[in-house]
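Summary of the model geometry
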Amino acid sequence: MNSGSGIHLEDKVEYCVVEHNTCVDNKGNGVWLCNIRNCIVRYNIIRNSGYRGILLDWDFSMYNLIYGNMVENSGYEGILIGTPGVPEAKPQYNIIADNLVKNNGRGTSESCGINIAGIHNWVGYNVLLNETGIGRQTYGIAVATGSNTLIWNYIQPGMVREIYWTDSVQKECIFVPYQYDDGIYSAYSKEGLSNRARD
């Protein structure tokens, strides 16, 4: 157990690869990436973090790839890109893809699997799950800022909202919903965007 983060990179680190690590039972973030550029974070197992599973922070953080990680049982978000409400903490042009994110939000009454507070990020092909009684991952993906792209993320039906964003943010983003085998796409409603197949 680590009293801080499992892995912490900052101060304009560039061209670094973080792969095949197991970060378990850290009291801080599992992987904390602050002001990094052109880095790859892939194939890591991140479990039971006190705060976020993966945190990518500050506006220098650009052109990074977060890919193929398993993130579960974090205290708050599974993956957080940026800091909501902090203008200088908006990572840009990052790819968050093919991650398994499940049962997060143990330390709060509500949370989300992936929280996007940056701009021009591409979020696709992630799987977001929440098992009843384990996590409080009430939202699949929360999007606080516009100009992001969300493509084919599978979000387990039954969460309070599969995707949480305001109308103004939604209008500035590109969204391609997950397509179920029967060809039924999600639809927008007052409750938010839903990736569940409709009856």
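Refer to the structure above for everything that follows.
Definitions and cut-offs
- Going along each chain's sequence as written, the residues are numbered from 1 onward.
- Reporting of local features is limited, given that this is a predicted model, to residues whose pLDDT is at least 70; pairs of side-chain atoms are given and counted only at 80 or more, and all residues count toward the totals for whole chains, interfaces and linings.
- With hydrogens and water excluded, all non-hydrogen atoms of the structure serve as input to the side-chain values.
- Segments assigned H or I by DSSP are reported as helices when at least four residues long, segments assigned E as strands when at least two residues long, and all are numbered from the N terminus.
- Partly exposed describes any residue whose relative accessible area lies between the buried limit of under 20% and the exposed limit of over 50%, with all areas from a 1.4 Å probe on protein chains only and scaled to the type maximum.
- For this analysis, a ring pair means two rings from Phe, Tyr or Trp (six-membered ring only for Trp) whose centres lie within 6.5 Å, classed as stacked if their planes differ by under 30 degrees, edge-to-face if by over 60, and tilted for the remaining angles.
- Here, a salt bridge means any Lys or Arg side-chain nitrogen found within 4 Å of an Asp or Glu carboxyl oxygen.

Focus on unusual backbone geometry
The residue Lys12 is not glycine, and still its phi comes out positive at about 65°. By the secondary structure assignment, Lys12 is in the loop between strand E1 (7–9) and strand E2 (13–14). With relative accessibility at 55%, the residue Lys12 sits in the exposed group. With a phi close to 60°, Asn48 is a non-glycine residue in the positive phi region. Assignment of secondary structure puts Asn48 in the loop between strand E8 (45–47) and strand E9 (54–57).

A few points about the packing of aromatic side chains
Applying the stated criterion to the full structure yields 8 aromatic pairs. Taken together, a centroid distance of 5.7 Å and an interplanar angle of 15° make the contact between Tyr63 and Tyr93 stacked. Of this pair, Tyr63 sits in the loop between E9 and strand E10 (65–67) while Tyr93 sits in the loop between strand E12 (79–81) and strand E13 (95–97), and the two are 30 residues apart along the sequence. Given the relative accessible area of 44%, Tyr63 is considered partly exposed. A relative accessible area of 38% places Tyr93 in the partly exposed class.

Quick word on the pattern of salt bridges
Evaluated as defined, the whole model comprises 4 salt bridges. In this structure, Arg47 engages Glu72 in a salt bridge whose closest nitrogen and oxygen atoms are separated by 2.5 Å. Here the residue Arg47 occupies a position in strand E8, and Glu72 occupies one in strand E11 (residues 70–72), the gap between them amounting to 25 residues. For Arg47, a relative accessible area of 26% corresponds to the partly exposed category.

Read these as spatial facts, not as claims about activity.
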